[in-house]
Amino acid sequence: MKALRKYLDKIKPNFQEGGKFSKLKSTFGAFESFFFVPDKVTTKGAHIRDNMDMKRNMTAVIIALLPALFFGMWNTGSFHYQSLGENPGFWSEFFYGLGQVFPIIVVSYVSGLFLEFLFAQIRKEEVNEGFLVTGLLIPMIVPVDVPLWMVAVATMFAVLIGKEVFGGTGMNIVNPALLARAFLFFAYPSKMSGDKVWIAGMGDPETKIVDGFSGATPLADLANTGSTHYSIADQFFGFIPGAIGETSTLCILIGAVILIWTGVASWKIMISGVAGLLLTGLLINAVGSSYDISSLKDASEIARVNYLNTPFWQHLILGGFAFGIVFMATDPVTAAQTETGKWIYGFLIGAMVLLVRVINPAFPEGVMLAILFGNICAPLIDHIIIRQNIKRRLKRAKTN
Amino acid sequence: MSKVIKLKKGLDINLKGKAELALTEASGIAEAEISIKPSDFPCMKPALKVKEGDKVKAGSVLFTDKYRPEICFCSPVSGTVAEIRRAERRRITDIVVKGDGASEYEKFDTVNVNSKDAAKELLLKSGVWPYLRQRPFNIIADPQSEFKAVYVSTFDSAPLAPDYQFILKDQVAEFQAGVDILGKIAPVYLGLDAKVKDNIFAGVKCKEINSFDGPHPAGNAGVQISHIIPVNKGENVIVVNPQDVAIIGRLVKNGIYDAKKTVVIAGSKVNKPQYIKTIANISVAPLISGNIDADNARIISGNVLTGTKIDEKGFLGFYDNAITVIPEGNYYDFFGWALPGFKKFSVSRTFFSWLTPKKQYDLDTNMHGEERAYVVTGTYEKLLPMDILPLQLIKAILAENIELMEDLGIYEVAEEDFALCEFADTSKTEIQAIIRKGLDLMVAESR
């Protein structure tokens, strides 16, 4: 490491102003500070500083994502072989999944980081670490069969339109990873929804799928027929089809514990999100139970009522809710930034998830739209909280 | 009326190098150099009243404030004006007086100081008025203003801060005398440390005494004021440090500006951390020479969170009661952000140092990262026990939005209240400097 330090010190002047590679100053800085926390010292104010920095913060999120990511890789392989009617064992399944997922991760990082480095250099700033998380979130919320070029286009769209046009890291209104997903969802719906996209290789007409195998997610089953053949345990542990990282509620819970324990993500958003979903779920169950199923004749109507009657808590482990509320809704830039606002923001998202899922027949899954909606409402929520703080102060001044 | 107010927000940073409660007398303070640094007083512009070579007594005026000429800054020792140091554009950085050892004092008439105006006049001409700082703006109190209170927090909760129970245990009578004269200007409120039993300040006669229980910044006057008598727009509160109250008390009792004070020398680079009896504004060299490991050390006048960086030939700041010496952090840390970090102190639990919460830390001046955009939220809120939205106020200042700054409570805050936020800031910004900028903007707006 001393040799590396010496080498970096030797080549550093080339990347400073006036050096021959000064156009790569931000790039060099990013790599240098990747290897070494800089020797910069405080000058005034607080002479001592916390060891925590943005890199550490983002690293904690990435570590929290890893259980769900690794599970997602295995699950991808597992369902691929299930669709072929084969059972080659754990490691073969995992490595097949790794082979499917890893290219998506690489494409997402390369296309996004390229823009990040470019914009950092144009703005003459350091490269912000935010994309380290975004770049991993994007692969985890897309179907495994998504074409790589779409990932690249969506990522670049999200970084450019979602982030850089607003002024870069810390200034964006909506979560860039979700924006990438929304872009794919509305631009290429056939690759983002349906029964075939969730299983690697299933979209390819050459593949011989075993009889009776369906790649539909349990959420889609419930929305269409009112029931699913996956057990509650399957849904909780994640042995279900779905986007790469979203299926295992257990692995996401491990991530949630890491995020909350380290203090990196807001537990208030997670708790109020769950509360919002559960309360809205109870309301919907109450509506569902008011129907008399025996009086209904149309099969699709019976399915709708059955869907309304899906136990409210089951929505916690269905679809992308757990992943969304733990990893996406808690993005501090796009969430409400006041502590009281976080309660409202989380609750709003939880409630919206169920409204979109159950009440709106156009979308089987509502997490993405609910969080984007929450993102857009967050500044308004903060505004109300800030106004209250100001009003309290004015009132105090008057009573004195 | 006395309340115990429990504060939950904040953080105690357990640093190595805590001083033992034993007092040493500094030798030769009467011959030492002292300097009054205009930079200790925000929004003040010095108008010199002496030139190099002039003889002065303790209590002689060295300079006044150009904006408010009734405020005098006086020499704490008798001697000769040795040097007036200037920086670029002839800005004065130091007014150095070399003590002559004679200890001659200007005499001030302290009998018949019964009215508010008489009290103000005495404090102004004797050079102790600058010890009175006001909220809003955290500048020297404006003599023309009306004040709703004088507030004294009798304890300092910052890391390695001096213990006033120890320093002032024999000076309660002087403290009371100081409180009495300040009481003529506005009712005096005291804030006590609830953790101290048999508090020496418990018997002080004043308007109101309240106790505060909680981690740093519970000892900050601004934090305490916000819970007792919050500063609204148009109101002013005077804040005085307890040791400075004793100096004012001695002025009243003896008729002289007697600026002796006890400072704590602490920090992991100090060989024998201790309390030293000395005088205000003194050159720190005689206090620390031989007692510190000067190799790659950061010498701070004040505490590690709010103090000023000085060198070995520097001077004790006007409001400072501590000299802290810690290691510089000018090293590269290989994968410092990625390793588990069992020995790295952090508010967050992303470093495994949370396994050892009672450990004493030897923290250095490394930034531990580079400046970034504001991304993380919720950190500042855990460290600021006031009804203030810290991130929103900081952003309002950065946007120079005067109206919003006012709405969000800029009148209630001082730089020191945000010191912990700056310490824990993931984005590595200089929050105290930002707050000062905001306060300066407000002062400029009001002048």
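Residues numbered from 1 in each chain as written. Chains lettered and ligands numbered in written order. Predicted model: local features only at pLDDT ≥ 70, side-chain atom pairs only at ≥ 80, totals over all residues.

### Side note on the overall build of chain A
Along its length, chain A carries 16 helices and 1 strand. The C-alpha atoms of chain A give a radius of gyration of 23 Å, which matches the 21 Å a tight globule of 400 residues would have. Projected onto its principal axes, the C-alpha coordinates of chain A cover approximately 80 × 70 × 35 Å. Counting all 400 residues of chain A, 50% fall into the buried class. Taking all contacts inside chain A whose residues are at least 6 apart in sequence as the whole, residues at least 24 apart take part in 72%. (Helix = DSSP H or I, 4+ residues; strand = E, 2+ residues; numbered from the N terminus. Rg over C-alpha atoms; globule rule 2.2 N^0.38 Å. Buried ≥ 20, exposed ≤ 12 C-beta atoms within 10 Å, placed from the backbone. Contact = placed C-beta atoms within 7 Å.)

### Examining the interface of chain A and chain B
At the interface, 52 residues of chain A touch 63 residues of chain B. Mapped onto the side of chain A that touches chain B, the elements with two or more residues apiece are helix H2 (25-35), strand E1 (36-37), helix H3 (54-84), helix H11 (249-262) and helix H16 (367-399) of chain A. It is H16(A) that provides the largest number of residues to the side of chain A that touches chain B, a total of 7 residues. Among the residues making up the side of chain A that touches chain B, the classes are represented as 18 nonpolar, 20 polar and 14 charged. In terms of strand pairing, E1(A) meets strand E21 (residues 333-334) of chain B through 2 bridges, oriented antiparallel. Bridge pairing in E21(B) places A:Phe36 opposite B:Phe334. (Nonpolar A, V, L, I, M, F, W, Y, C, P; charged D, E, K, R; others polar. Pairing = 2+ DSSP bridges.)

### Quick look at the sheet that holds strand E6 (residues 61-65) of chain B
All names here are of chain B. Taken in spatial order, the 3 strands make up an open sheet running E4-E6-E7, and their pairing is antiparallel. What marks the edges here is a single partner per strand, and that holds for strand E4 (46-48) and strand E7 (72-74). Here the average twist between neighbouring strands, direction ignored, is 35°. Here 3 bridges tie E4 to E6, and the two strands are oriented antiparallel to one another. Its bridge partner lying in E6, leucine 48 is registered against phenylalanine 63. (Axes fitted to C-alpha atoms, helices over the stretch in contact; angles between N-to-C directions.)

### Some thoughts on the sheet that holds strand E16 (residues 260-266) of chain B
Residues and elements named next belong to chain B. Strand order in the open sheet made by the 6 strands is E2-E17-E16-E20-E18-E19, with mixed pairing throughout. Each edge of the open sheet is held by one strand with a lone partner, namely strand E2 (23-25) and strand E19 (308-310). Neighbour to neighbour, the strand axes of the sheet diverge by 30° on average, direction disregarded. Bridging between strand E18 (residues 297-301) and E19 involves 3 bridges; their strand directions are antiparallel. Among the inter-strand pairings, serine 301 is bridged to a residue of E19, identified as threonine 308.

### Details of the domain arrangement of chain A
Residue and element names in this part refer to chain A. Partitioning chain A into structural domains gives domain 1 (19-39 + 53-210 + 229-264) and domain 2 (266-386). Taking only C-alpha atoms, the centre of domain 1 and the centre of domain 2 are 23 Å apart. With 26 residues of domain 1 in contact, the opposing surface of domain 2 contributes 19 residues. Looking at the side of domain 1 that touches domain 2, the elements with two or more residues in it are H3, helix H7 (176-187), helix H10 (232-237) and H11. The leading source of residues in the side of domain 1 that touches domain 2 is H11, at 6 residues. Tallied by class, residues from the side of domain 1 that touches domain 2 come to 16 nonpolar, 8 polar and 2 charged. (Domains from an automatic or database assignment.)

### Examining helix H14 (residues 321-328) of chain A
Counting buried positions over the 8 residues of H14(A) gives 8, a clear majority of the element. Every buried residue of H14(A) is accounted for by A:Phe321, A:Ala322, A:Phe323, A:Gly324, A:Ile325, A:Val326, A:Phe327 and A:Met328.

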